[in-house]
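Here's the letter readout for the chains.
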Number of protein chains: 2
Amino acid sequence: MIALKGAPVSAKIKEEIDAYRTRLSGPSPKLGIVRVGERPDDLSYERGALKRMEKLGLEAESFAFPENISHEEFEKEFLAINENPDIDGILLLRPLPRQIDEQRIIRLIDPEKDLDGISPANIAKVFSGDSTGFAPCTAEAVIEVLKAYDIPIAGKRAVIVGRSMVVGRPLSMLLLKENATVTICHTKTRDLPGVCREGEILIAAAGKARMLDNSFAGKDAVVVDVGINVDEDGNLCGDVDYDSLEGTAAMATPVPGGVGAVTTSVLAKHLVRAAANRRR
Amino acid sequence: MIALKGAPVSAKIKEEIDAYRTRLSGPSPKLGIVRVGERPDDLSYERGALKRMEKLGLEAESFAFPENISHEEFEKEFLAINENPDIDGILLLRPLPRQIDEQRIIRLIDPEKDLDGISPANIAKVFSGDSTGFAPCTAEAVIEVLKAYDIPIAGKRAVIVGRSMVVGRPLSMLLLKENATVTICHTKTRDLPGVCREGEILIAAAGKARMLDNSFAGKDAVVVDVGINVDEDGNLCGDVDYDSLEGTAAMATPVPGGVGAVTTSVLAKHLVRAAANRRR
């Protein structure tokens, strides 16, 4: 079984970013990361994003607010970042605390700065196959992995486990755009192993530690694991029991070191694109 | 094989509309139909919509513009209708002629009046499973047919042939919301008959006259035909060869008299909902 590692994919995206930047005049593109509270997931993703931007020579600034900030106060602060001409793109770490009306904030975000594709304008573009918008970075990272390893998508059966707005749904549309025949599964799917085995490309985005073993993988399937979970022993693991796939799947992404390692590269690519659009 | 006729579904929707209207104060809800040119498809759909509104005691007005109207002129006229407080909902007949920037008009339409779900705000809501928006009427008509005939959707395999923004894509999300396991097929799908036979519910929305015969239908499948085509002899026909399904499918919608007969009822239901929202 071939391990589809994220690092070579990120290296390829870095080349694209570098080539793109040479054509871009003005200051270095700048990312604004907006975080409320100190959730470990958020802090970890923020660290990863900051490190990636630094590595790529891109600017980044964290805007952190206390867990108990009121909606009114946060909206005011968020709008200031949204309208700040020095910020080319925004990453809003979610979910936001309950007192904040997240849907309202999402509707306020400038679609041109909405690098993770959470605004209605970008959602509508992803849904309609219009690639001028921004898709959620994790969903797009899956496509980047498949393309970097020259895995054909057109005409293939792609099965996605999970229907979230962060991965499952947008990814179904990105795969459709690549002409895959797409099936979306979820907790109410009957005979999930059987449906998953139909997939020549199987995407695990359920958010359950090692939920899928080799009984879910078709012979010679390409398995992409989007899950990032912590198991009972405190170790990072995916939605897929990677080792069990040996002898069944042809290729699979490891966790860690697979799709997760590509997500912040896609974020950086979106940032450079956003900066280019704004300076046009 | 049971014929899933549209008339009883429309009768059921009429009851819902009547019940809804008794709680609605003020003048009768009013639909504005916006048409550019005289395409036979548009004229036929407009006639159907006007007739339906009249039958239901709802107001409707047609706004027709010449085929060669400029974008600027049309935009001005469209905005006037969009902002007209007497108009509760709008049906924009499409496609618009080439000189008009259709995407721009779509972005202008007030999401609260956008009865056929073409605005980014409504597209994003359909995609995210938020039922406060308006889905495209034809896609929703399919769900209305299934529900009116008490056909279970949750946990079922639903296969959709066609990935348009009018039916295939939004319907995939509506079926997902009903907890079906959804597969989307299209012109690049390999072994289309085989994939279609997996469907316990098969939706034909390809736009090709009698493209699907019984070799595409699984044993005891429920077949919903969204196609409205004209065959070589000038007769209306669907995407499905209805007669060939006898002995294979359990139920199927005829064309004409199936889903098409429900679409304007859904439009009327959306109109009443839009009026209620606006008067809240």
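Refer to the preceding data block for the structure.
Residues numbered from 1 in each chain as written. Chains lettered and ligands numbered in written order. Predicted model: local features only at pLDDT ≥ 70, side-chain atom pairs only at ≥ 80, totals over all residues.

Trainee: Summarise the overall build of chain A; cite the residues concerned and give the values.
Mentor: Scanning chain A for helices and strands turns up nine helices and 11 strands. In terms of C-alpha radius of gyration, chain A reaches 19 Å, essentially the compact-globule figure of 19 Å for 280 residues. With respect to the principal axes defined by its C-alpha atoms, chain A has extents near 50 × 45 × 35 Å. (Helix = DSSP H or I, 4+ residues; strand = E, 2+ residues; numbered from the N terminus. Rg over C-alpha atoms; globule rule 2.2 N^0.38 Å.)

Trainee: Can you tell me about the relation of the copies chain A and chain B, naming the residues and giving the values?
Mentor: What relates the two chain copies is a rotation about an axis together with a slide along it. Superposition record for chain A on chain B: RMSD 0.0 Å, screw rotation 180°, translation along axis 0.0 Å. Both copies of the chain, as the preceding transformation shows, are related through a two-fold rotation axis. Across chain A, the rotation axis passes nearest the C-alpha of T183(A), at a separation of 2.0 Å. (Least-squares fit on C-alpha atoms with pLDDT ≥ 70 in both.)

Trainee: Could you give an account of the interface of chain A and chain B, naming the residues involved and the relevant values?
Mentor: Listed per partner, the contact involves 22 residues of chain A and 22 residues of chain B. Looking at the side of chain A that touches chain B element by element, the count peaks at six residues for helix 5 (residues 120-128) of chain A. Classifying every residue of the side of chain A that touches chain B by side-chain character gives 12 nonpolar, six polar and four charged. Both strand 6 (residues 181-185) of chain A and strand 6 (residues 181-185) of chain B contribute to a ladder of three bridges, which runs antiparallel. Bridge pairing in strand 6 of chain B links T183(A) to T183(B). (Contact = placed C-beta atoms within 7 Å. Nonpolar A, V, L, I, M, F, W, Y, C, P; charged D, E, K, R; others polar. Pairing = 2+ DSSP bridges.)

Trainee: So what's going on with the packing of helix 6 (residues 137-148) of chain B against helix 7 (residues 168-177) of chain B? Residues and values would help.
Mentor: All names here are of chain B. Taken N-terminus to C-terminus, the directions of helix 6 and helix 7 make an angle of 35°; their axes are 8 Å apart at the nearest point. The element helix 6 and its partner helix 7 pack so that their crossing is right-handed. Residues A139, E140, V142 and I143 of helix 6 form the contact with helix 7, whose participating residues are P170, L171 and L174. Residues belonging to the contact of helix 6 with helix 7 are distributed by class as follows: six nonpolar, no polar and one charged. (Axes fitted to C-alpha atoms, helices over the stretch in contact; angles between N-to-C directions. Left-handed = near helix turned anticlockwise from the far one by under 90°.)

Trainee: Provide a residue-level description of the packing of helix 6 (residues 137-148) of chain A against helix 9 (residues 260-278) of chain A, including the pertinent values.
Mentor: Residues and elements named next belong to chain A. Between helix 6 and helix 9, the shortest axis-to-axis distance is 8 Å and the interhelical angle comes to 105°. With respect to their mutual orientation, helix 6 and helix 9 come out roughly perpendicular. Along its contact with helix 6, which presents C137, T138, E140, A141, E144 and V145, the element helix 9 presents V262, T263, V266, L267 and H270. Looking at the contact of helix 6 with helix 9, its residues break down into six nonpolar, three polar and two charged. (Parallel < 35°, antiparallel > 145°, perpendicular 65-115°, else oblique.)

Trainee: Requested: an account of the environment of V223(A), with residues and values cited.
Mentor: Residues and elements named next belong to chain A. Locating V223 in the fold gives a position in strand 8 (residues 222-225). When the 29 C-beta atoms within 10 Å are taken as the criterion, V223 is described as buried. Residues V223 and V159, spaced 64 residues apart in sequence, show a C-alpha to C-alpha distance of 9.7 Å. Non-local contacts of V223, meaning those with residues more than four positions away in its chain, are made with L202, A217, V240, L245, A249 and A252. (Buried ≥ 20, exposed ≤ 12 C-beta atoms within 10 Å, placed from the backbone.)

Trainee: Explain the sheet that holds strand 7 (residues 201-204) of chain A to me, and be specific about the residues and the numbers.
Mentor: Strand order in the open sheet formed by 12 strands is 1(A)-11(A)-8(A)-7(A)-5(A)-6(A)-6(B)-5(B)-7(B)-8(B)-11(B)-1(B), and the pairing between neighbours is mixed. Either end of the sheet is taken by a strand with one partner, and the two such strands are strand 1 (2-3) of chain A together with strand 1 (2-3) of chain B. Here helix 7 (residues 168-177) of chain A sits on the sheet in contact with strand 5 (157-161), strand 6 and strand 7 of chain A together with strand 6 of chain B, set at roughly 170° to strand 6 of chain A.

Trainee: Would you mind going over the environment of G247(A) in detail, with residue names and values included?
Mentor: When you line up the elements, G247(A) lands in the loop between strand 10 (236-237) and strand 11 (251-252). Residues G247(A) and D233(A), 14 residues apart in the sequence, show an inter-C-alpha distance of 27 Å.

Trainee: Go over the sheet that holds strand 3 (residues 59-65) of chain B, please, and point to the residues and values.
Mentor: All names here are of chain B. Spatially, 3-2-4 is the arrangement adopted by the three strands of the open sheet, whose pairing is parallel. Each edge of the open sheet carries a strand with a single partner, namely strand 3 and strand 4 (89-92). Strand-to-strand, the axes of this sheet are offset by a mean angle of 20°, without reference to chain direction. Judged from the four bridges that link them, strand 2 (residues 30-36) and strand 4 form a sheet pairing that is parallel. Across the sheet, residue L31 finds its bridge partner in strand 4, namely G89. Against the sheet, helix 3 (residues 71-83) touches strand 2, strand 3 and strand 4, its axis set at about 170° to strand 2.

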